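Descriptive analysis of the structure
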Amino acid sequence: MRKLGLLLAAGALVAAGLVQAGTAQAAPAGVFQDFETDADLQGATVTLPQADQIERTADPTHGSSGLKFTIGPANTPGATASSGINLYAGTPSLPVSDWSGHTVLGFDFFTELDYTTVGRITVRDKANKAWGMDYPIRARDWTPIDLRLSTIAAAGVDITRIAYIGFSMPRSTTPVIGHYDAFRLVDSYPYDETPYGDQAAAQLLRLADFNGVLTKLADQIRGLGRSLGHTAADERLREQVQAADAQCTALRQKLGPMSYADYKPFNAGVAALQRTVPRLANTIQARAHDRHADFGLESADSMTLVYPKDLPFTSTGTSPAVSLTRGEYENVQAVVLPFAEPLAGVQARVTSVSGKRGALQATVAPVGSLNVTPTSVYHRPTYAGWTPDPIRDDLTSVDVPADGIQPYWIRLKAAPTAAPGAYQVKVAFSAAGKRTRSMTLTARVWPVTVPDAPKLNTTFQFTPAIVNDLYGITDPAAQEATKHQYWSFLHDYKIEPDQLYTCSCIPSNPGPVIVPTPVEDVLYIRDHYGLRDFNAFYLWAGLLNPAKPETWQAQIDTWIAQLRTAMDSYRAAGVDKYAYVYGFDEATGPLLQAAKQTFAAVKQAFPDLPILTTLRDNSMGVDTGLAGLVDIWAPQQDLYDQTVAERTRARGDQAWWYPDIGTGSPLPNWFNGYPPIDTRMLAGPMSYKAGVEGMLYYATNRWLRTDHANQLLVNDGILSAWKAATFNGTAGDGSMFYPGPNGPMASIRLENFRDGMEDYNLLWLLSEDLRTNPHVPPPLKAHATKLLHADDVVTNQRTFTEDPVLYRAWRADLIATLAVLKQG
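Along every chain, residues carry numbers that run from 1 in the direction the sequence is written. A pLDDT threshold of at least 70 governs which residues receive local features in this predicted model, and a stricter bar of 80 or more applies before side-chain atom pairs are shown or counted, although totals over entire chains, interfaces and linings include all residues. Values reported for side chains reflect all heavy atoms of the structure, with hydrogen atoms and water molecules removed beforehand.

**Description of the packing of aromatic side chains**
- Here is the rule: rings of Phe, Tyr and Trp (six-membered ring for Trp) pair when centre to centre is within 6.5 Å. Planes less than 30 degrees apart are stacked, more than 60 are edge-to-face, and the remainder are tilted. In this structure the tally under the stated criterion is 43 aromatic pairs.
- A centroid spacing of 5.0 Å and a plane angle of 70 degrees characterise the contact between Tyr307 and Tyr383, whose relative ring orientation is edge-to-face. Taken together, the residues Tyr307 in the loop between β12 (295-301) and β13 (321-326) and Tyr383 in the loop between β16 (360-372) and β17 (385-391) connect sequence positions 76 residues apart.
- For each residue, the accessible area found with a 1.4 Å probe, counting protein chains only, is set against the maximum for its type, and the residue is called buried under 20%, exposed over 50%, and partly exposed in between. You can call Tyr307 buried: its relative accessible area is 9%.
- Given the relative accessible area of 8%, Tyr383 is considered buried.
- When the centroid spacing of 5.0 Å and the interplanar angle of 50 degrees are considered together, the rings of Phe489 and Phe737 count as tilted. Remark: Phe737 occurs in the loop between β29 (719-720) and β30 (738-740) and Phe489 occurs in helix α8 (residues 476-492); sequence separation between them is 248 residues.
- When its relative accessible area of 12% is taken as the criterion, Phe489 is described as buried.
- Residue classification places Phe737 among the buried positions, given a relative accessible area of 0%. Going along the chain from the N terminus, every DSSP run of H or I of four or more residues is numbered as a helix, and every run of E of two or more is numbered as a strand.

Quick look at the structure:
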């Protein structure tokens, strides 16, 4: 992940006269920066000075004052996803740059806001060697931060010559506040941090509005009790309401001065109650919808997450309705809610679908959850705990604890020949010893047929070798059959079977053997799924020594020879015109010159062979001289510049984009725990609005055995032990679906990706209708053009709605407008 924000360089501080002369000396143990005077802030910088602010306030954990950091909202012009402070050595902000001879560098952080996320700390020495770690930001809480100096030194950082220490917080929709104080060197670990914690508790009790929070909760609890009747189920729920009321009263009685040892459980109790009350409201609402039922049954939008524990959800009622076009998928969630008693053997099945047989297909399956721990790259508050995502088609029965809820995924597919109209889908839910309940959903099929093939190009890496390793598949014929099974799965989810990194190995393993894509694979894809394009060969820059340009040509000649053999086979099979090459993955520095030399050789040997790259050139060839050599530019999404992209297209090249681990909020991504609407938005209206011709992604099944040794497959309970963390501990990065007991297992994220690809196709279809019909009445044309701009849901890759209601209103208008145009 790139460093967040642009901060002043040490050289600039020298020019400003802030660096003190002389050689830094090792400091004694104790607090060395307490922000006791305004002068102590000199030399400290913030990411966005026009929106972010540091000041000294009387909120210390030591001494009489501390540093308050206020950062502007995420929609601030020019804002990065996070904002940071840098304290530079040799300035008053960081008076000690030699940390040797000690065990720990410690300091305090706290926030009075109801804001839980993950921040980042970076330490860099004067030789530019850096080390970093995440730190927790917890709602209304104190975090003592202890950096083990031996760990920093082991990373190669010279702790005798520190250049700066930086710490950041993710932005939010509103300003965020953090307090830092008592930077200290400590000779033992662990050590007594009680005095710092007690001071933090005193400040938090003063700054956080606990009385207001508890008063609001008490009012909500009273409202819940009024709606309950007198059945056994109502009485069980009334007991939960009374317990919540007693907890609220007990917490209010504790308000007053307290140590951090007392404050910590007090704050945890308030936070728990803030989750319990709205969660209980969900159940009581479900009870009110059917007072004779044995359990609740609600629905939720497929662009939201319904957590099995702790968090509430937004119900869309007991009789949900969706719209879809012919040939399109759409999804609904059903939610089973116990009435304060466990449910055993919960099952769901589709019992009827109205209309002509096969016109509308419907399936239902429970949604499983994984234990997710968000990382700093999320750049947003994200729940840590059991998070829904795998769609467990393998489970026919689940148990739901009394304090849990269980979401179900109802997947609909309208046939391309389906008659327009409203279809009724009935789904029955049963539990041991309970009366069966049914949900009837209405699916309106419009007289519009969405193109089946994606109009947005995808180049997503799928690695068969990882599948073979996890499942222990060694027979070549079985490996081939499994690869085809996964290709079909990906194709069904609008992802073209392809490989960015062309090898039969696991690309992340040491010394991967890169070879051209076998012509047999290309022909299989053509014959079974249709062929739009394919990556013929990965030009791996790792085979070039950046420091020895004189050796580059030999490797380039080898690549050209390999390509020539492959292109001959493609030409003989009649598929050569679909080939492209991908190379120099995120290359920078001297490798940009190597790319120029390589691409020139490729163009000379194969003038009509397109070249796709993700190398670091934000000008898309203008500044590096690569314009004319690269045909498809794919920058990381947060580096995508609309003006540059349009200039690139004007000269005949394509401009794609891609998300990765560095693409955090406010940009969309498909990390576990992100709102699923982000995935749909990215693949649909956001990509269409940006004009990108394609999307690239480095991995769809990064399920390395080393990461999942304790649970290789998602084949256990509804709360699976399969480790959600993938690349660098970030859940979902490089993993869009799961290894199930019988092969690929879909996810909520993947379902929303397909929905987004279909929305992109709807936009393409509307554009084509306008282009080919010059007689559209001006008011209708103006309205259709407005829908194509999608301004109601997305402004750019950083500003878009996460409200499913707004999204569905825009989509419904889009489909209705298409229907009017189709009717002439």
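**Let's talk about the confidence of the model for the chain**
- Across the chain, the average pLDDT comes to 94, with 97% of residues at 70 or higher.
- Scored below 50 in pLDDT, residues 1-24 shows 43 contacts in the model against residues more than four places distant or in partner chains. On a scale of 0 to 100, pLDDT captures the predictor's confidence in every residue. Whether two residues are in contact is decided by their heavy atoms, any of which lying within 4.5 Å being enough.

**Concerning the pattern of salt bridges**
- The working definition used for a salt bridge is a side-chain nitrogen of Lys or Arg within 4 Å of a carboxyl oxygen of Asp or Glu. Per the counting criterion, the structure on display carries 47 salt bridges.
- One salt bridge in this structure joins Arg120 and Asp134, with 2.8 Å as the shortest N-O distance. Of the two residues, Arg120 is situated in strand β7 (residues 117-125) and Asp134 in strand β8 (residues 130-137); the sequence distance between them amounts to 14 residues.
- Given the relative accessible area of 29%, Arg120 is considered partly exposed.

**Concerning the sheet that holds strand β18 (residues 398-400)**
- At least two DSSP bridges between two strands are required for those strands to pair. Read from one edge of the open sheet, five strands run β13-β21-β20-β15-β18, paired in mixed fashion. Looking at which strands have only one partner, the edges of the open sheet turn out to be β13 and β18. Strand-to-strand twist of the sheet, defined as the mean angle between neighbouring strand axes without regard to direction, takes the value 35 degrees.
- Lying over the sheet, helix α16 (residues 804-822) contacts β13 and β21 (437-449), oriented at roughly 45 degrees with respect to β21. Axis lines are fitted to C-alpha atoms, over the contacting stretch for helices. Their N-to-C directions set the angle, which ranges from 0 to 180 degrees.

**Things to note about the packing of helix α14 (residues 748-772) against α16**
- Viewed as axis vectors pointing N to C, α14 and α16 meet at an angle of 35 degrees, and their least axial separation amounts to 10 Å. When you trace α14 past α16, the crossing you get is left-handed. Facing α14, whose interface residues are Asp759, Leu762, Leu763, Leu765, Leu766, Asp769 and Leu770, α16 presents Tyr807, Trp810, Arg811, Leu814, Ile815, Thr817, Leu818, Leu821 and Lys822.
- Residues that form the contact of α14 with α16 fall into these classes: 11 nonpolar, one polar and four charged. When the near helix sits turned anticlockwise from the far one by under a right angle, the crossing is termed left-handed; a clockwise turn instead gives a right-handed crossing. Under the convention adopted here, Pro, Cys and the residues Ala, Val, Leu, Ile, Met, Phe, Trp and Tyr are nonpolar, Asp, Glu, Lys and Arg are charged, and Gly plus all remaining residues are polar.

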